[in-house]
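# Tertiary structure, described
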Amino acid sequence: MTHRVTVKVAGLQPVQVLAGLAGIAFIVFGVVGFTRTGVGDWSTHSFVLGFSVNPLHNLVHVAVGVLGLLMALGSGLARLYGWLLFLGYGAIFVWGLMITGILAQNPAARYGNPLALNTNDNWLHLGLALFGLLLAVLPARRKVIEEEEEPVLPEQRSAAFRDTRDRTPHIEEMDPTVSPREREPITNEQAEIDPKTDRVSRSKIKH
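As the structure is a prediction and not an experimental result, all values here were calculated from the model. (Residues numbered from 1 in each chain as written. Predicted model: local features only at pLDDT ≥ 70, side-chain atom pairs only at ≥ 80, totals over all residues. Heavy atoms only, no water.)

### Brief notes about the overall build of the protein chain
Which entries qualify depends on this criterion: The helix and strand labels rest on DSSP assignments: H or I over at least four residues marks a helix, E over at least two residues marks a strand, and numbering proceeds from the N terminus. With a 1.4 Å probe rolled over the protein chains alone, any residue whose accessible area is under 20% of its type maximum counts as buried; one over 50% counts as exposed, and the rest are partly exposed. The contact criterion used throughout is that any non-hydrogen atoms of two residues lie within 4.5 Å. Residue-level accessible areas treat just the shown protein chains as cover; the underlying method is Shrake-Rupley with a 1.4 Å probe.
Scanning the protein chain for helices and strands turns up 6 helices and 4 strands. Listing every helix and strand of the protein chain by position from the N terminus yields β-α-β-β-α-α-α-β-α-α. For the protein chain, the proportion of its 207 residues judged to be buried stands at 29%. For the protein chain, long-range pairs separated by at least 24 residues make up 65% of all intrachain contacts whose partners lie at least 6 apart in sequence. On the protein chain, roughly 14,800 Å² of surface is accessible, and the fraction owed to carbon and sulfur atoms is 62%.

Rendered as structure tokens:
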């Protein structure tokens, strides 16, 4: 008996749970930010737990949170969400370093500081980028299923087939001492008359 081993994904993956929790955290942080800055004046900014925010920054947090909840529905999507966090917040982290003067050269200086970034925001964004990388490379939790394959038995032949197999034709053997010519019936013209009885055997006459 042979065994077949199958590896399958074991239900809900940790990466999906983490992506969903991150989505909720982003939404909560964005909503709290809106309570501080409001939604009317996009030029104002405020602080939440020491992090500088403005309405545009809050909107980005809410959008990233909703995207996280949606992509947490599948393990592959959750890992893709991790890559998006890594690339997106990695780029914002570098941009924040330029805005706060840690990096001297800022090719995007003409855009100003639309997200109201400060030094605390930079380190937060670095942490979010690393968290996204963790989601992207987090291994899947799998389970191994070992199945036994039943041996394939030959199909049983039907009774009709077995009966026909036993019905072998029987060929009666002919007397080897009799020549083929003698076995063939003869006509009246070919018949030979017995000189003793002046008669011809009927079995030798071909009708």
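### Comments concerning the packing of aromatic side chains
Definition in use: In this scheme Phe, Tyr and Trp rings, the latter by its six-membered ring, pair at centre separations within 6.5 Å, and the angle between planes marks the pair as stacked below 30 degrees, edge-to-face above 60, and tilted otherwise.
With the rule as written, the count across this model stands at 4 aromatic pairs. On the numbers, 6.3 Å between centres and 70 degrees between planes, the contact of Phe 29 with Phe 51 is edge-to-face. Linking Phe 29 in helix 1 (residues 14-37) with Phe 51 in strand 3 (residues 51-53), this pair joins segments that are 22 residues apart in sequence. Exposure remark for Phe 29: the relative accessible area of 18% places this residue in the buried category.

### Describing the nonpolar core
Quick reminder of the rule: Nonpolar cores are built from buried Ala, Val, Leu, Ile, Met, Phe, Trp, Tyr and Cys residues. Side-chain atoms within 4.5 Å join them into one set.
Core analysis: the biggest nonpolar cluster contains 17 residues, and Ala 19, Phe 26, Val 64, Tyr 81, Leu 85, Tyr 89 and Leu 135 have the highest contact counts within it. Those elements that place two or more of their residues in this core are helix 1, helix 2 (55-71), helix 3 (75-99) and helix 4 (119-137). With 5 residues, the single largest contributor to this core is helix 3.

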